[in-house]
Amino acid sequence: MSESIMTNAPSIVQTLRDRFGASTYEFRGETSLILKTEQIVPACQILRDEYSFELLTEQTAVDYWPELAPRFHVVYRLRSLKNNLILGLRVPLEGNFPVMPTLTGVYANANWFERELWDMFGIRFEGHPDLRRVVMPEDWVGHPLRKDYPLGYEEVQFTFNFDEIDVRKPYAQE
Amino acid sequence: MGIEQKLGNMGVVTLKLEDVVNWSRTNAMWPMLFGLACCAIEMMAAQAANYDMSRFGMELMRASPRQSDLMIVAGRVSRKMAPVLRRLYDQMPDPKWVIAMGDCASCGGVFNNYAIVQGVDEVVPVDVYVAGCPPRPEALIHGIVTLHEKVKGEKLKEWA
């Protein structure tokens with residue numbers, strides 16, 4: 001990545017810091033702002049309309065289990081094609097059943113990102129038009145990318161335990 | 001040249017019905033187009049000029065389950081795909097066979113986790129397992145020839 005993309009315009013970061021009282025941190029030249037749940041929609045509105053961050057390139061989450069405050073971080077990555085900038089936003093969420101406002105009103109493509117976050121992490125987005133599972137089957141129980149979700153590991157069949165496992169295997173019929 | 005010269009002008013062959021039906025089934029077994037992952041690439045290679053599966057009467061891959069006899073499950077089957085796989089299998093007309101191609105379809109392979117079916121034999125009855133990750137076209141062809149051997153040994157009373 002070229003140097004120009006890595007460098008965030010300090011004025012934008014400073015403005016948001018002043019307006020929302022957000023804290024910032026920098027990692028390998030990329031700046032991220034830490035915002036509260038209720039600030040994310042107005043912040044993105046400002047970034048899109050006033051600072052021409054036209055693109056929401058990514059919305060994802062991190063699970064910090066067994067920590068509970070915050071348990072999750074929702075991560076947004078905004079891109080300004082006009083000014084050639086990248087800006088990260090992070091929203092810490094507390095507890096096992098977090099709820100936060102949807103970003104679909106600002107960036108329409110947040111729709112499927114948020115569906116995926118609901119599917120994989122169980123983060124509920126209030127005001128989302130169609131919050132269904134998008135990756136896992138409709139009737140799936142649980143949210144697989146949570147750290148306390150079991151991996152579903154099946155015991156490996158070797159010669160010494162072949163028969164024992166073979167009895168338990170659910171073979172399909174015609 | 002072949003059998004017709006040895007027969008002379010008679011034009012009649014006597015055979016067991018069982019043998020002739022099994023022979024025709026093995027030599028025109030139409031596989032279903034069902035590539036799921038990287039194994040599908042090897043399956044395509046097996047179909048293409050170098051390996052040429054049409055030598056075994058399989059030049060046509062059918063996109064419709066209703067026209068196919070053989071399902072080659074080429075790749076890992078996710079839990080979301082499993083009902084679709086079963087439905088396609090149910091739509092195939094009898095007689096039908098299944099080849100689990102590759103480690104993922106046979107036993108889950110490296111994907112030992114919640115999202116992947118640990119062996120497609122949980123969903124459909126499998127006739128031949130082909131090992132490999134992915135198996136080379138030779139291995140797939142070996143699997144198909146093995147299946148042909150199986151089909152040739154099928155008995156008339158078992159169909160009825």
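Residues numbered from 1 in each chain as written. Chains lettered and ligands numbered in written order. Predicted model: local features only at pLDDT ≥ 70, side-chain atom pairs only at ≥ 80, totals over all residues. Heavy atoms only, no water.

Asker: Help me understand the overall build of chain A, please; the structure alone is not making it clear to me.
Answerer: Counting its regular elements, chain A contains five helices and seven strands. For chain A, the succession of helices and strands along the chain, N to C, is α-α-β-β-α-β-β-β-β-α-β-α. Taking 2.2 N^0.38 as the reference for a compact globule, 174 residues should give roughly 16 Å; the C-alpha atoms of chain A span a radius of gyration of 21 Å, well beyond that estimate. Projected onto the principal axes, the alpha-carbon positions of chain A cover approximately 70 × 35 × 35 Å. In chain A, the share of contacts with a sequence separation of at least 24, taken over all contacts with a separation of at least 6, comes to 52%. Counting every atom, chain A has about 9800 Å² of accessible surface; 56% of that belongs to carbon and sulfur. Computed over 18 positive and 26 negative side-chain charges, the inter-centroid distance for chain A is 6 Å. (Helix = DSSP H or I, 4+ residues; strand = E, 2+ residues; numbered from the N terminus. Rg over C-alpha atoms; globule rule 2.2 N^0.38 Å. Contact = heavy atoms within 4.5 Å. Areas by Shrake-Rupley, 256 points an atom, 1.4 Å probe, with all protein chains shown as cover. Lys, Arg positive; Asp, Glu negative; His and termini not counted. Charge placed at Lys NZ, Arg CZ, Asp CG, Glu CD.)

Asker: Honestly, the packing of aromatic side chains in this entry has me stumped. Any pointers?
Answerer: Each aromatic ring pair is characterised by the separation of its centres together with the angle its planes make. One pass over the structure, following the stated rule, counts four aromatic pairs over all chains. When the ring of Phe 72 of chain A is compared with that of Phe 121 of chain A, the centres are 6.1 Å apart and the planes differ by 85°; the resulting orientation is edge-to-face. One end of the pair, Phe 72 of chain A, is in strand β4 (residues 72-80); the other, Phe 121 of chain A, is in helix α4 (residues 110-121), and 49 residues separate them in sequence. For Phe 121 of chain A, a relative accessible area of 7% corresponds to the buried category. An aromatic cluster is built from Trp 140 and Tyr 149 of chain A together with Tyr 114 of chain B, whose rings are joined through pairwise contacts. Across the ring face of Trp 118 of chain A, the terminal group of Arg 124 of chain A is positioned such that the distance to the ring centre comes to 4.5 Å. A cation over a ring is seen here: Lys 96 of chain B above Tyr 89 of chain B, with NZ or CZ 4.3 Å from the ring centre. (Phe/Tyr/Trp six-rings, centres within 6.5 Å; stacked < 30°, edge-to-face > 60°. Buried < 20%, exposed > 50% of the residue type's maximum accessible area, 1.4 Å probe, protein only. Lys NZ or Arg CZ within 6 Å of the ring centre and 35° of its normal.)

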